[in-house]
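Geometric and topological summary
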Amino acid sequence: PFWFELQSRALRFHFQLVRAMMQTMHFHLAALAFLLSSSLPVGSAVASREGDACEGDGSMMLQLLHSHSHQGRDASPLCAELSDGRLRRLAGGPYTEEDVGKVACNMAANIFENGTIIASPSRGTEKIHTYPDGSSINQNDYYYMWQRDAGLTMRTLLRVAKGGPMVSKQLENYASLYHEIWSKPTPNKNCWPGRPGDGWCSILGEVKFFVNGSVYNQPWNRAQNDGPAINAMVLMELLSEGKADPTSLENAKVDIIRALNYVGGMGLDSTIDPWEMVYGQHYYVQSIQHRAMAMGADLAQKEGWEGVDNFPLWVPMLSHLVEQHWNVTSGVIGETNARTWFNLQGPKCLSSSDEGANGSTVRTLPCELDVAVLLGSLSARAGHGLGSAVQEVFPPHDSRMLVTAYHLVESMAPTYEVNSIDDDAGLPGVLIGRYPGDEYSGVIMEPADSNDVCSGYNCASAWFLATHGLAEVIYATAVAVAKGDMKADGMNRHYLLAAMDWALPKAQRGRSKALPGTAKKLAKKLINGGDGVLARAKHHASSDLHMSEQIYRGDDKLPGVTPGEMIGARDLTWSYASLLDALASRADAVEAVSAISS
């Protein structure tokens, strides 16, 4: 019996060993299939139209493989190009040349060869914190290509690395993908006005696309009309390069004309805001539309295009719409005019950040404070090329923009526990989010029917892209100071003093009540202030400079999560793009200061 039992155990052991070997072989075969499929149209082996990968253990395996692909940056030709030293101009302040390469490669991991750019690899299953009852807060599902995020990322890529062979190839593939997408009608019929289904939507105003290139066909706030304007500007870059084949160039021309005719034709209508919550007329959208139309009118005139007679007429129309966002009464540039509701998104007043604030809270002016105003101004700057003769209505250094930025910081930063912790640690800078009273925590519950751990006003935290945008406004202001394009006045004084102080730990702030006497000294101090803001945000990134959507604010909004921990969708593409943009503006500021003789 003893030998019989021993033989039985041995047989069971060998059976388990063979079974384990077969499972391992199955895993490697699946891994190989996944890796081979990664060169196919985006997501073809990862996600179905419904957004599901596959069931059971296979789904987890694909997530692990996808996570591993984000760590293997050297495998990406685009990453190799971006980290070969061509971005060294962006190094400075808290970011070394090596750091810049890491950030660029983290962004490149979300950019696929066929042109698709996902907002994040997060699929909604990654847990941030699990509670004793088994429920958890998870990262949200951002595994889609948003028109806005993808277009902004391409503009960043072209700004910092235009001319590189892989960047040029990516631009061509991106243009080709959008030509294919825009050539198909949308199946959706739930666009505002008349969201329940009035029978009309345009593919140009669609929000996002599945990773297989098809239109997201579930309920969403549509239309979002900044997307076609942003991507028209991207396509104009393809024409200016002139490297693509004749068919691609002709397709880009057709798509630009179609997109801008849509933008102009819809210009007087409301649309959904960049945070996808409010129907109205938004500074962010209209400032970008104005810049795209100015560029398109210039290009159309130079090239003698047909079907563009309205382009030069729409430029002043859009300029007038942008001007309407300056609120003389409250003294800020408001994000949204003519909004139709406040239930999904509060009024964004100073009082919206008060403890316990809700829809009934008395509105303390100013209201409609939103970092989207800063981001729109940065995206709508006039460059040295197309449309440069048409100046931006509110450039980043405009005193009205700076006083808006000052109120933004004051309305949010003091309410975040994480800022107090960072202050006590002696860190420079400041963290900000999207707007006072922001309701969006960035997380989802699992199971889906679990009670939200936070709902209502002030569930949101600081955002990397918002904080990076604040730093870029400081750098852009430094450029204007160095070039003599702006001077201190009663409206921008508080902002300039605060921006200089962000170079310092909180204990050392407030000592200087006077601005420097020369433009060079002021510009240098502003650059240092921007560096302080970037340094604080960097403090909350991972050691490999991975950045999610948000930096948890604390205040027990998400019990169990540590203040300062990254939350929301991981590896958010816009977080990386916004940082590279800020560093590019920093480099511009350094060059402008060095050009001052005394």
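Residues numbered from 1 in each chain as written. Predicted model: local features only at pLDDT ≥ 70, side-chain atom pairs only at ≥ 80, totals over all residues. Heavy atoms only, no water.

This brings us to helix α8 (residues 246-265). Its 20 residues place the ends of α8 29 Å apart at the C-alpha level, agreeing with the 28 Å of an ideal helix rising 1.5 Å per residue. If you check which residues of α8 are buried, you get A252, D255, I256, I257, A259, L260, Y262, V263 and G264. Each element contacted by the buried residues of α8 is listed here: α6 (165-182), α7 (227-241), α9 (283-303) and α10 (311-323). The N-terminus of α8 is capped by D245, whose side-chain oxygen sits 3.1 Å from the backbone nitrogen of T247. (Helix = DSSP H or I, 4+ residues; strand = E, 2+ residues; numbered from the N terminus. Expected span 1.5 Å × (residues − 1). Buried < 20%, exposed > 50% of the residue type's maximum accessible area, 1.4 Å probe, protein only. Contact = heavy atoms within 4.5 Å. Polar contact = N/O pair within 3.5 Å; in protein donor to acceptor, adjacent residues only side chain to side chain.)

Further remarks concern unusual backbone geometry. Cis geometry marks the peptide bond from R222 to A223, where omega comes out at -5°. By the secondary structure assignment, A223 is in the loop between β4 (208-209) and α7. Residue P447 is bonded to the preceding E446 through a cis peptide linkage, with omega at -5°. Of note in the backbone geometry, E276 takes a positive phi value of approximately 65° without being a glycine. Along the chain, E276 turns up in the loop between β5 (271-272) and β6 (279-282). Here E276 falls in the buried class, since its relative accessible area comes to 15%. Although it is not a glycine, D555 sits at a positive phi angle of roughly 65°. In this fold, D555 is placed in the loop between β12 (550-551) and β13 (566-567).

Here the focus is the pairing of β6. Pairing between β5 and β6: two bridges, direction antiparallel. Considered in β6, the bridge of T271 is made with G280. Linking two consecutive strands that pair antiparallel, namely β5 and β6, is a turn of six residues; a positive phi of about 65° is found at E276 within it. Taken together, the two bridges between β6 and strand β9 (residues 336-337) define a ladder with antiparallel strand orientation. Bridge assignment links Q281 to a residue of β9, and that residue is N337. (Pairing = 2+ DSSP bridges.)

Read from one edge of the open sheet, three strands run β1-β2-β10, paired in antiparallel fashion. Strands with a single pairing partner mark the edges of an open sheet, and in this sheet they are β1 (127-130) and β10 (443-446). Strand-to-strand twist across the sheet, computed as the mean angle between neighbouring axes with direction ignored, equals 25°. (Axes fitted to C-alpha atoms, helices over the stretch in contact; angles between N-to-C directions.)

Tallied over the full model, the rule gives 28 salt bridges. The partner of E446 in a salt bridge is K127, and the shortest N-O contact between them spans 3.1 Å. Pair noted here: E446 is in strand β10 and K127 is in strand β1, with a separation of 319 residues, a long-range link. By relative accessible area, which is 47% here, K127 ends up partly exposed. Notably, a salt bridge pairs E237 with K162, separated by 2.6 Å at the nearest N-O pair. Taken together, the positions of E237 in helix α7 and K162 in the loop between α5 (147-161) and α6 put the pair 75 residues apart, joining distant regions of the chain. Taking relative accessible area as the criterion, K162 reaches 39% and is therefore assigned partly exposed. (Salt bridge = Lys/Arg side-chain N within 4 Å of Asp/Glu carboxyl O.)

A one-sided burial pattern is seen for β10, the buried positions being V443 and M445 and the unburied ones I444 and E446. Two strands pair when backbone bridges link them, and strand β2 (residues 136-139) and β10 are joined in this way by four bridges, in the antiparallel orientation. Pairing of S136 across the sheet is with E446, part of β10.

Separated by 52 residues in sequence, E276 and Q224 place their C-alpha atoms 7.8 Å apart. The contacts of E276, once residues within four sequence positions are left out, are W146, R148, V207, W220, N221 and Q224. Reaching out from E276, the side chain makes a polar contact with the side chain of Q224 at a distance of 3.2 Å.

Counting 158 residues, the largest nonpolar core has L82, Y95, Y284, L470, Y495, W502 and L526 as its most contacted members. The dominant element in this core, judged by the number of residues it contributes, is helix α14 (residues 464-482), at 13 residues. Excluding its chain neighbours within four sequence positions, the residues that come into contact with Y284 are R148, L152, D226, I230, P274, E335, A372, L375, G376 and W574. (Core = buried A, V, L, I, M, F, W, Y, C linked by side-chain atoms within 4.5 Å.)

Another point: the sheet that holds β12. In space, the three strands of this open sheet follow the order β11-β12-β13, with antiparallel pairing throughout. Edge positions in the open sheet fall to β11 (462-463) and β13, since each of these has one partner strand only. Direction of pairing for β12 relative to β13: antiparallel, over a ladder of two bridges. If you follow Q550 over to β13, its bridge partner there is I567.

Take the confidence of the model for the protein next. The predicted structure's coordinates, where accompanied by low pLDDT, should not be read in detail. Of the residues in the protein, 86% reach a pLDDT of 70 or more, and the chain-wide mean stands at 89. When the criterion is pLDDT under 50, residues 1-74 qualifies, and its contacts beyond four places in sequence or with other chains add up to 61 contacts. (pLDDT = per-residue confidence, 0-100.)

The final tally for this structure, using the stated rule, is four disulfides. The disulfide that involves C191 links it to C201, with 2.0 Å between the sulfurs. Judged by the sign of its S-S torsion, about 125°, the bond between C191 and C201 is right-handed. Of this pair, C191 sits in the loop between α6 and β4 while C201 is found in the loop between α6 and β4, placing the two residues 10 residues apart along the sequence. The residues C191 and C201 share a single accessibility class, namely buried. One disulfide in the model links C349 with C367; its S-S distance is 1.9 Å. In this structure, the disulfide formed by C349 and C367 twists by about 100° around the S-S bond and is classed as right-handed. Of this pair, C349 sits in the loop between β9 and α11 (371-379) while C367 sits in the loop between β9 and α11; the two residues are 18 residues apart in sequence, bridging distant segments of the chain. Here C349 matches C367 in class, with each residue buried. Should the bonded cysteines of the protein be numbered as they appear in the sequence, the pairing reads 1-2, 3-4, 5-6, 7-8. (Disulfide = S-S within 2.5 Å.)

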